[in-house]
There are 2 protein chains.
Amino acid sequence: MIQELKDNYKDVFEEGLINEINQVATFKEIPENFKIIEIGDYIKSMPLLLSGVIKIFREDTNGDELLLYFLENGDTCAMTLSCCIGQSKSEIRAVTETQVKLLMIPVQKMEEWMAKYTSWRAFVLNSYHNRLNEVMETVDSIAFLKMDERLLKYLKDKARVTHNNSIHNTHQEIAYELHTSRVVVSRLLKKLENMGKIELNRNHIRLVEL
Amino acid sequence: MIQELKDNYKDVFEEGLINEINQVATFKEIPENFKIIEIGDYIKSMPLLLSGVIKIFREDTNGDELLLYFLENGDTCAMTLSCCIGQSKSEIRAVTETQVKLLMIPVQKMEEWMAKYTSWRAFVLNSYHNRLNEVMETVDSIAFLKMDERLLKYLKDKARVTHNNSIHNTHQEIAYELHTSRVVVSRLLKKLENMGKIELNRNHIRLVEL
DNA sequence: ATACTACGGTAACATATGTTACATTGGAAA
DNA sequence: TTTCCAATGTAACATATGTTACCGTAGTAT
């Protein structure tokens, strides 16, 4: 029995399902900053996240990108769900933010379990629900917040998912994820530092208040 | 048998399910511009859209609002799905754009049918998939497009769902849905008119090229 | 030590969007 | 018709954000 499977999912899935997952799933360990899914990819199996953090990006035709949300322990990718079922291409990019451990589940099991296990149905619907809410929160940020507020929210979100109040990124990397420019990020970070909310250092930022 | 149910869903649901829906669903006819769901509402039944168009809005704490997407014939509200299942509050507002006919399905049937009907499972998952893609398209618009492009896209979307290349709205109403100001909308509409893309009239706008 | 490069700070300017104010007009109501 | 008001047009200005350019500094490679 894969230990992380039992630890993370024993309250989510009934025992029979845990055993089935244990039998058919493939365990994968993936390093930091690795591209798992690219836009346009066909997906043949569904990932269950055991540990680590995955970033989900949206990209337009000019190559401009935008961070949508983070996936954490216990999450799965809703896009993958519907891609598996609907045989459609991925509309997002997935990149590991940290080292990641996950289980890959063959697509044909997904449909089988939907009929068989109540807890699997609840899990799948719940995943969709959470993902939908996260994308809507992203809409809120872009539509209703100024860039300095978005920036602070971004830093706090990143600190939360990585369990670390130091963010190890260059201003340029942050600019890409928020779809703005490095100069703007530097300018607003300096403003946040002057307000006493963060501390700036080369290659990392410390959140003073969480 | 409700005629619109058979007409719209005969290729989506198996016959036994159509019959069950026909028995337990409540038929509703709702006038234009009627608020169906408010943010914070608990939802006790799930709507199946038979005809007409529904607008889905997001709102922030200051009361600023933003149009997320339109629901058309054959759609259902994904938020309602998860609210029904998870017993959580609505995160969105739903307002009829036109007169609307819909079927209300009691929440306990939803779970029952998930176990029983393959076509119901496919429908529910498909709805989530579509809604997720629509919200992501909204993210694209806000994040990657200038206001004039968003405005034109809005007009085209509205023309598409209402099957009418005349949009009957004031500039103020459009401004609310795009979360900008009336002056900005008037300014950009005039620009689009000068470019030959639309024709402006009091209370309605005609799309020249679709 | 020296040279090189990535990173960050900042000024100066460009542009898109938001705001205020006021004028004009079309159509409804009296 | 006359009156009135909602809808629209537009100027002038304010602000947020994007862009270009250039500089200093810290760390790395030689």
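Scroll up to find the structure this text is about.
A. A look at the relation of the copies chain A and chain B. Mapping chain A onto chain B leaves a residual RMSD of 0.0 Å; the transformation is a rotation of 180° accompanied by 0.0 Å of translation along its axis. Considering both components of the superposition, the chain copies are consistent with a two-fold axis. Both copies present the same face, since 100% of the interface residues in chain A are matched by interface residues at the equivalent positions in chain B.

B. Molecular detail of the protein's contact with DNA strand C. As a matter of local geometry, DNA strand C sits amid 19 residues, with Thr170(A), Lys146(B), Met147(B), Thr180(B) and Val183(B) nearest to it. Breaking the surface near DNA strand C down by element, the ones donating at least two residues are α7 (171-178) and α8 (182-194) of chain A together with α6 (147-162) and α8 (182-194) of chain B. In terms of residue count, the dominant contributor to the surface near DNA strand C is α8(A) (five residues). Residue composition of the surface near DNA strand C, grouped by class: six nonpolar, seven polar and six charged.

C. Focus on the environment of Ala78(B). Mapped onto the elements, Ala78(B) comes out in helix α3 (residues 78-86). The spacing of Ala78(B) and Asn130(B) is 52 residues in sequence and 8.8 Å in space, taken between C-alpha atoms. The contacts of Ala78(B), once residues within four sequence positions are left out, are Leu132(A), Ser127(B), Tyr128(B) and Arg131(B).

D. The arrangement of the interface of chain A and chain B in detail. Between chain A and chain B, the residue contacts involve 29 residues of the former and 29 residues of the latter. Put simply, the parts of the chain that give the side of chain A that touches chain B at least two residues each are β5 (65-71), α3 (78-86), α4 (107-116) and α5 (118-144) of chain A. With 16 residues, the top contributor of residues to the side of chain A that touches chain B is α5(A).

E. Structural view of the packing of α3(A) against helix α5 (residues 118-144) of chain B. Where α3(A) contacts α5(B), the two axes come as close as 10 Å, and the packing angle between them is 125°. Between α3(A) and α5(B), the crossing angle belongs to the class labelled oblique. Between α3(A) and α5(B) lies a crossing of left-handed hand. Listed contacts from α5(B) to Ala78(A), Ser82(A), Ile85(A) and Gly86(A) of α3(A) are Leu125(B), Asn126(B), Tyr128(B), His129(B) and Leu132(B). Tallied by class, residues from the contact of α3(A) with α5(B) come to five nonpolar, four polar and no charged.

F. Here's a closer look at the sheet that holds β5(A). Residue and element names in this part refer to chain A. Strand order across the open sheet formed by four strands is β2-β6-β4-β5, with antiparallel pairing between neighbours. This sheet does not close on itself; its edge strands, each paired only once, are β2 (35-37) and β5. Averaged over all neighbouring strand pairs, the angle between strand axes comes to 30°, with direction disregarded.

G. Representation of the protein's contact with DNA strand D within the structure. Near DNA strand D, the surroundings consist of 20 residues, among which Lys146(A), Met147(A), Thr180(A), Thr170(B) and His171(B) are the closest. Those elements that provide at least two residues to the surface near DNA strand D are α6 (147-162) and α8 of chain A together with α7 (171-178) and α8 of chain B. The leading source of residues in the surface near DNA strand D is α8(B), at six residues. In the surface near DNA strand D, the residues fall into six nonpolar, seven polar and seven charged.

H. Region of the structure containing α6(B). Residue and element names in this part refer to chain B. Its 16 residues give α6 an end-to-end C-alpha distance of 22 Å, which sits within 8% of 22 Å, the value for a rise of 1.5 Å per residue. Residues of α6 that are buried: Leu 151, Leu 155 and Lys 158. Down the axis of α6, the sector holding all buried residues measures 65°, keeping them to one side. Contacts from the buried residues of α6 go to β8 (166-167), α7, α8, β9 (198-201) and β10 (204-207). The positive-phi residue at the C-terminal boundary of α6 is His 163, with phi of around 50°.

I. Spotlight on α3(A). Counting buried residues along α3(A), eight of its nine residues qualify, which places the element largely inside the surrounding structure. When we look at burial in α3(A), the residues that qualify are Ala78(A), Met79(A), Thr80(A), Leu81(A), Ser82(A), Cys83(A), Cys84(A) and Ile85(A). Check the buried side of α3(A) and you find it contacts β3 (45-51), α4 and α5 of chain A together with α5 of chain B. The first or second residue beyond α3(A) is Gln87(A), which carries a positive phi of 60°.

J. Structural view of the sheet that holds strand β1 (residues 26-30) of chain A. Residues and elements named next belong to chain A. If you walk across this open sheet you meet the three strands as β1-β7-β3, and the pairing is antiparallel. Strands at the two margins of the open sheet, each flanked by one partner only, are β1 and β3. Strand-to-strand, the axes of this sheet are offset by a mean angle of 30°, without reference to chain direction. In this structure, β1 lies alongside strand β7 (residues 100-106), joined through five bridges in antiparallel fashion. Its bridge partner lying in β7, Thr 26 is registered against Met 104.

K. Quick peek at the nonpolar core. Judged by nonpolar contacts, the single largest core of 93 residues is most densely connected at Leu68(A) and Leu68(B). If we ignore the near neighbours within four places in the chain, the residues touching Leu68(A) are Ile56(A), Phe57(A), Arg58(A), Ile92(A), Val135(A), Thr138(A) and Val139(B). Residues Leu151(B), Leu155(B), Ile174(B) and Leu178(B) belong to the second largest nonpolar core, which totals 11 residues.

About the cut-offs
Residues numbered from 1 in each chain as written. Chains lettered and ligands numbered in written order. Predicted model: local features only at pLDDT ≥ 70, side-chain atom pairs only at ≥ 80, totals over all residues. Least-squares fit on C-alpha atoms with pLDDT ≥ 70 in both. Contact = placed C-beta atoms within 7 Å. Near = placed C-beta within 6 Å. Helix = DSSP H or I, 4+ residues; strand = E, 2+ residues; numbered from the N terminus. Nonpolar A, V, L, I, M, F, W, Y, C, P; charged D, E, K, R; others polar. Axes fitted to C-alpha atoms, helices over the stretch in contact; angles between N-to-C directions. Parallel < 35°, antiparallel > 145°, perpendicular 65-115°, else oblique. Left-handed = near helix turned anticlockwise from the far one by under 90°. Pairing = 2+ DSSP bridges. Expected span 1.5 Å × (residues − 1). Buried ≥ 20, exposed ≤ 12 C-beta atoms within 10 Å, placed from the backbone. Arc of directions from axis to C-beta. Core = buried A, V, L, I, M, F, W, Y, C linked by C-beta atoms within 7 Å.

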